[in-house]
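If you want the building blocks of each chain, they are given just below.
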Amino acid sequence: MALSLSKRAFNQERIVFLITIVLFAVFAVELNNFLAPANLLALVRSVAVLGMLGMAMLVVVLGRGIDLAIVANMAISVGWALQLIAGGMPVWLALCVGLGFALGMSLIGGILIAYAEIPSLFATLAMATFIYGFGRAHLITGTDVVYLPKDMGLVAQLGQGVVAGIPMPIIVAAATALAAYLFLKYTKPGRFIFAMGDNFNAARIGGIGVRPMLVFQYVLSGGATFLAGLITATSVGAMNTRIVNSNMIYDVILVVVLGGVGLSGGRGGVRNVIVGTLLIGVLMNGMTIMDVQYTVQNVIKSLILLFAIVSDSIINPRDEQTGQQGDI
Amino acid sequence: MASSETPAREIPLRETLARLRYRYFPDHLVGELLSKKWIDNAVPFAVLLCVIATFGFLIPDFFAPKLLVITSRQLGEFGLVCIAMMTVIIVGGIDLSVGSNFALGNFTTLALLNLAGWPVAAVVPVVILVCGAVGFVNGVLVGFFRLRAFLTTLVTLIIVRAVVDMLLLRYAQEMSVSFYDSDIWDLVGMGGVAGVPSSFVVLIVVALIGHVILTRSRPGWRAMAIGGSRRSAHNMGLSVRGTVCGSYTISGMLCGLSGLLYAARLGGAGTDTGMGLEIAALTAAVLGGNSLGGGRGSVVKALIGSVIVLLMTNGVIRLGLNSGSGPMVLGLTLLFAVFVDVRWLKNRDKLLSKVYVSPTYVKLPQPASTDPDSGTPFALNNRLRNVEIIGLGEVESPEDVILDDEDYLFCGNRHGDVLRFFPPDYKTWEVYAHIGGSPLGMAFDRDRNLLVCVGGMGLYKIARDRTVSKVTDETNRSPFSVIDDSRLRLADDLDIAPDGRVFFSEATIRYEMHDWPVDALESRGNGRIICYDPRTGRTHTALRNLIFPNGICLANDGQSILFAESWACRISRYWIDGPKAGKVERLIEDLPGYPDNINRASDGTYWVALLGMRSPALDVALRMPGFRRRMARRIAPDQWLYPNLNTGCVVRFDDTGRVIESLWDLGGLNHPMITSMREHRGWLYLGGISNNRIGRVRLENADQNWSAATAYWGKA
């Protein structure tokens, strides 16, 4: 009894949360201004977009999939929308076109996964390559970076606005997290996603329309991606399509799995992603204040992830008898 | 009436065409090709051909010799990374750190050569070890700690990349000003062997070694087993953790080697070295047909994939399209190729089960009549009505029965035992020996060892002290055979020549024992007669392409064997010695049923069991292969036309092929089915593969002291 209790007390989520608190405490004591409200807001704001992308990824990962096309989809759909606005299209129409593009691409990816039965890892990898290539060849030509047009109107407030002293990105991210939580917890499709992640065949036999559900997951992820991209673009005033070739997709996976969401599906939730995102936020903020080199930051980030998954596997060892085949 | 309108000649003509078509077009090869594992490479290979054709057409000098040399040099490096990825994918993992590890290998090589000034011979092993160490770390984490491969190697990807970046920041300046000059190094980087670039030679060597290890050695088989089912591999006692760890280590070492070759070619290190290589290698590995999740993969698949990816990336660059088109084309091709591959994998077995059965044209001669009033020796009678029953309900499927000099009665059963009934009344019995499989035909050799043909296993010997030993279970593989016919699938009956050679039949090489009805449907010459020679210990195939060869009996002259071909309804003589050695001649061709075992009778004639009777419907169907194929594809097996096994008889014939008499049991009340019979001291003992009993019937006019074992080998 005591054993099982201690096991349950130390899952990966709690380990990561503990590390976050310890780091937070250490930084609070050691670093000047770390606890200043402005810094704390900046901390959360810096990871708001990452957290939103994490939510998009979460919805897919819970159903035992993975979406590696998130970053490419975000960059190209938002970049194209910005370019359309710069070209004279009304803002609302351009945003609708961009959103349509994001949803359409994730719809294609979802169909490939659900109906053509291509493994999600590979389908989204190829879709990412395709989206980037298509976007750079036909939509965003001649420039890597699409700058924010001046006449964006209210939409620009998404990234730059402040409500009651809190920057808009944080509010939007929080709203997304809340929506994701409610969706996963209290709606039928949300529960279905968990069921599919737990045991896909059982879910199918149980009468869930697993193929439409799979497509739906990826479309949801595409929509959240577009929103995240819009916030990125309006905050920094541009959309850099080169982020597709960066490590960003790995960072997204990092915040999802760091908090203890199982890549084999069915395990985890919004809380896990928030915990993972906070750890990354605290870490990056602290290291930036300490002026740690970017590559070293990467190493430290990775080591912490490694520590989290190693300790999880020691505390909750995976069993040869119950491990899922083909679970990489 | 339609039949009266069509000319009478048309049917024979159509049949002639069918006969020729089925004789010369090897339908069965299609199914056999599909059943091979290497056929999986067909889809990737077709994609490769398409890529070559497309770019060869679009870019005129794409395959000019000079460019080919450059491409093959790149392929040397990229192929190694793809093989590295493949070794990990095969055990059910993934290695995302290959790109970073490649960059590390590149940097280490240049640093050791340019800065430390080491000789090439020392640098090579050190670089391989350094990168192997990174792989080893992956291996320990994934194999021993059971971490998830994707995350773990993602972490090492980031860490190693960061380490390389930091090292570059520190040493790039110094490295770029110094330059390593050595003949060996130039040979590796720019030269080659007989015009073939060095890196390509290295790739070929590694690929060959890798192929042999993976397909023909224990570590390779273990890796495949673990990828196929990690749990089963663990339960059967394989060291899952060690093997997984080893495969990651090998992956790391290959990346190091590849990075070294890259360093030799370009002599520079940058932050973008090996960037995105993990994606390209993963793409190549999957495109080639290696399954993510493990258990299915090969070096050839990795190589095919790597050639496709390399040609496509190079080709798209050479086409000079704008920056996005390359990735776009690449992404689309990938999606399409993987889509086809997934569909292929999913439907291959369905396709195989549809096309594997390939009936052929058989025209049986008009059967001898069995009408009671016909006056033929096959005329129905009721001489088996009063068969005595032995072991009712105690034996299951005694295909063959045999008796020794001391009157013990032996039979096999479907549990893999050989039973022995005690004389004189055969009321009690014991398990004489347990072999396994399905014991079928039996024979005593000179030393009174019992040789048994075991369906599914081969030829086995039960010595007089009841020890069971394998005599043979394989023969020479036929040249140009697609399926491997060296293993014995359905050894059926045997007899032993005076010089000790054992001749035994293998009914079919295309089906397992329980699928015999499918072989009947096919009626193709799938069977063979095999000879085992105890003097040399060798087994070789004596006769091929027989239609379900079944019973075998040494003729009284000792120079030939008689064999029955069940679905061809004929008995032939095969000369094993003397002037006609090697020749086959037909003895009886118009049997009204399907012959099974043949054994000697006391008066110099032979007994043969007919296990079932021909029926006009099936005889017609045998002349219509297309009809039988449609039947096999479209309706459930229990509704097929089958040989009629509900009735049968025992027939006696002599050396000239003249049929003397037949023994029937009308209604089959006492002894339903007959697959074999033995004459022994005035009794005829009957076995039947679907029976729960053995029968025996009195032979009034036979030699009351004759025993087969004595007749063959003299007094014991």
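Residues numbered from 1 in each chain as written. Chains lettered and ligands numbered in written order. Predicted model: local features only at pLDDT ≥ 70, side-chain atom pairs only at ≥ 80, totals over all residues. Heavy atoms only, no water.

Structural notes on helix H5 (residues 65–90) of chain B
Residues and elements named next belong to chain B.
- With 26 residues, H5 should cover 38 Å at 1.5 Å per step; its first-to-last C-alpha distance of 35 Å lies within 8% of that length.
- At glycine 76, H5 shows its largest bend, some 30 degrees.
- The element H5 is largely enclosed, with a buried count of 19 among its 26 residues. (Helix = DSSP H or I, 4+ residues; strand = E, 2+ residues; numbered from the N terminus. Expected span 1.5 Å × (residues − 1). Bend = angle between axes of the 7 residues up to and from the residue. Buried < 20%, exposed > 50% of the residue type's maximum accessible area, 1.4 Å probe, protein only.)

Looking at the confidence of the model for chain B
- Taken over all residues, the pLDDT of chain B has a mean of 89, while the share at 70 or more is 98%.
- Residue range residues 1–9 of chain B is modelled with pLDDT below 50. Its contacts to residues more than four positions away, or to other chains, number zero contacts. (pLDDT = per-residue confidence, 0-100. Contact = heavy atoms within 4.5 Å.)

With respect to the packing of aromatic side chains
Residues and elements named next belong to chain B.
- On inspection of all chains with the given rule, the structure shows 21 aromatic pairs over all chains.
- Ring plane angle 45 degrees and centroid distance 6.5 Å describe the contact between phenylalanine 107 and tyrosine 171, whose orientation is recorded as tilted. With a gap of 64 residues between them, phenylalanine 107 in helix H6 (residues 98–115) and tyrosine 171 in helix H8 (residues 149–177) connect regions that are remote in the sequence.
- According to the relative accessible area criterion, phenylalanine 107 is buried, its value standing at 6%. (Phe/Tyr/Trp six-rings, centres within 6.5 Å; stacked < 30°, edge-to-face > 60°.)

Quick notes on the environment of glutamate 394 of chain B
Residue and element names in this part refer to chain B.
- Topologically, glutamate 394 is positioned in the loop between strand E3 (388–390) and strand E4 (401–403).
- Not counting residues within four places of it along the chain, the set of residues in contact with glutamate 394 comprises Leu419, Trp429 and Asn692.
- Looking at glutamate 394, its side chain comes within polar contact range of the side chain of tryptophan 429, at 3.0 Å. (Polar contact = N/O pair within 3.5 Å; in protein donor to acceptor, adjacent residues only side chain to side chain.)

Focus: a positive patch on the surface
Residues and elements named next belong to chain B.
- Together, Lys354, Arg630, Arg633 and Arg634 make up a positively charged patch on the protein surface.
- Tallying contributions element by element places helix H19 (residues 625–634) first for the positive patch, with three residues.
- Within the secondary structure, arginine 630 sits in helix H19. (Patch = residues over 30% accessible without salt bridge, like charges linked within 9 Å, V, L, I, M, F, W, Y side chains within 5 Å. Areas by Shrake-Rupley, 256 points an atom, 1.4 Å probe, with all protein chains shown as cover. Salt bridge = Lys/Arg side-chain N within 4 Å of Asp/Glu carboxyl O. Lys, Arg positive; Asp, Glu negative; His and termini not counted. Charge placed at Lys NZ, Arg CZ, Asp CG, Glu CD.)

Some thoughts on the sheet that holds strand E14 (residues 527–533) of chain B
Residues and elements named next belong to chain B.
- Read across the sheet, four strands follow the order E12-E13-E14-E15 without closing on themselves; strand pairing throughout is antiparallel. Across the chains shown, the open sheet's two edge strands, defined by having one partner strand only, are strand E12 (491–496) and strand E15 (538–546). Neighbouring strand axes in the sheet, compared pairwise and without regard to direction, differ in orientation by 20 degrees on average. (Pairing = 2+ DSSP bridges. Axes fitted to C-alpha atoms, helices over the stretch in contact; angles between N-to-C directions.)

Overview of helix H11 (residues 218–228) of chain B
Residues and elements named next belong to chain B.
- Gly220, Ala223, Ile226 and Gly227 are the residues of H11 that are buried. Projected down its long axis, H11 carries its buried residues within an arc of 125 degrees, all on one side.
- Where the residues of H11 are buried, they touch H5, helix H10 (198–216), helix H12 (230–235) and helix H13 (240–266). (Arc of directions from axis to C-beta.)

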